[in-house]
Amino acid sequence: MTLMLICILWVFASASVAMLPMRQQYVPGVALLIAAPVLIFFIGYLYGWILALLALAAFVSMFRNPLKFFLAKLRGQNPQVPE
């Protein structure tokens, strides 16, 4: 039950960060980006892999632009950061 409460708070935090101006999103956004895989792992461990896959799909959907940026950086490209 505690894990689900933490996950719900994570969703509200990520929605709140999304409403910030772009320059103020970096630090809390990276913290949320790092916390998500840990939460998804524990969802899979406690509730099963199907719910973990659903959580992963929601995570990728919410963070698609930062993930595209990091993927481009790993490929050696120079992506532009939005202002």
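Everything numeric in this text was worked out from a predicted model, so none of it was measured.

A.B. asks: Got a minute to help me understand the packing of aromatic side chains in this structure?
C.D. replies: Enumeration over the complete set of coordinates arrives at 5 aromatic pairs. When the ring of Phe-41 is compared with that of Phe-42, the centres are 5.4 Å apart and the planes differ by 70°; the resulting orientation is edge-to-face. Look at Phe-42 and you get partly exposed, because its relative accessible area is 37%. Judged by centre distance (5.7 Å) and plane angle (70°), the rings of Phe-69 and Phe-70 are edge-to-face. Overall, Phe-70 belongs to the partly exposed group, its relative accessible area being 38%. Among the aromatic side chains, those forming a connected cluster through ring pairs are Trp-10, Phe-59 and Phe-63.

A.B. asks: Help me understand the environment of Tyr-47 in this model?
C.D. replies: Mapping Tyr-47 onto the fold places it in helix 2 (residues 26-47). Sequence-wise, Tyr-47 and Leu-9 are 38 residues apart; in three dimensions their C-alpha atoms are separated by 18 Å.

A.B. asks: What is the right way to read the nonpolar core from this model?
C.D. replies: Nonpolar side chains tend toward joint burial in soluble globular proteins. If you look at the biggest cluster of nonpolar residues, it comprises 13 residues, and the most contacted ones within it are Leu-3, Cys-7, Trp-10, Leu-32, Leu-39, Phe-59 and Phe-63. Among the elements of the structure, helix 1 (2-18), helix 2 and helix 3 (49-62) are those that each provide at least two residues to this core. For Leu-3, the residues in contact, after removing those within four places along its chain, are Leu-39, Phe-42, Ile-43, Leu-46 and Tyr-47.

A.B. asks: Help me understand helix 1, please; the structure alone is not making it clear to me.
C.D. replies: In an α-helix, one turn spans 3.6 residues, which is why side chains three or four residues apart end up on the same side. With 17 residues, helix 1 extends 24 Å from end C-alpha to end C-alpha; this agrees with the ideal 24 Å at 1.5 Å per step. For helix 1, the full list of buried residues reads Leu-3, Cys-7, Trp-10, Ser-14 and Val-17. Down the axis of helix 1, the buried set is contained in an arc of 85°. They therefore lie on one face. Turned more than 90 degrees off the buried face of helix 1, the exposed positions are Thr-2, Leu-9 and Phe-12. Among the structural elements, helix 2 and helix 3 are those in contact with the buried residues of helix 1.

A.B. asks: Even after reading the chapter, I still don't get the environment of Leu-54, so can you show me in this structure?
C.D. replies: Tracing the backbone through its elements, the reader meets Leu-54 in helix 3. When its relative accessible area of 54% is taken as the criterion, Leu-54 is described as exposed. Remark: the alpha-carbon pair of Leu-54 and Gly-44, spanning 10 residues in sequence, is separated by 9.9 Å.

Rules behind the numbers
- What you see as residue numbers is a count from 1 along each chain, following the sequence as written.
- Under the rules for a predicted model, residues below a pLDDT of 70 receive no local features and side-chain atom pairs below 80 are neither given nor counted, while totals for whole chains, interfaces and linings still include all residues.
- Derived side-chain values reflect all non-hydrogen atoms in the structure, with water molecules and hydrogen atoms excluded from consideration.
- Only centres within 6.5 Å qualify two rings of Phe, Tyr or Trp (six-membered ring in Trp) as a pair; their planes then separate them into stacked at under 30 degrees, edge-to-face at over 60, and tilted for everything else.
- Here's how the labels work: a residue is buried when its accessible area is under 20% of the maximum for its type, exposed when over 50%, partly exposed in between, all with a 1.4 Å probe on protein chains only.
- Helix and strand assignments follow DSSP, with helices taken as H or I runs no shorter than four residues and strands as E runs no shorter than two, numbered in order from the N terminus.
- Only buried residues count toward a nonpolar core. Its members are Ala, Val, Leu, Ile, Met, Phe, Trp, Tyr and Cys residues joined through side-chain atoms within 4.5 Å.
- When checking whether two residues touch, look at their non-hydrogen atoms; a contact exists if any pair is within 4.5 Å.
- Given the number of residues in a helix, its expected span is that number minus one, multiplied by 1.5 Å.
- Arc, as used here, means the arc of the directions from the helix axis to the C-beta atoms.

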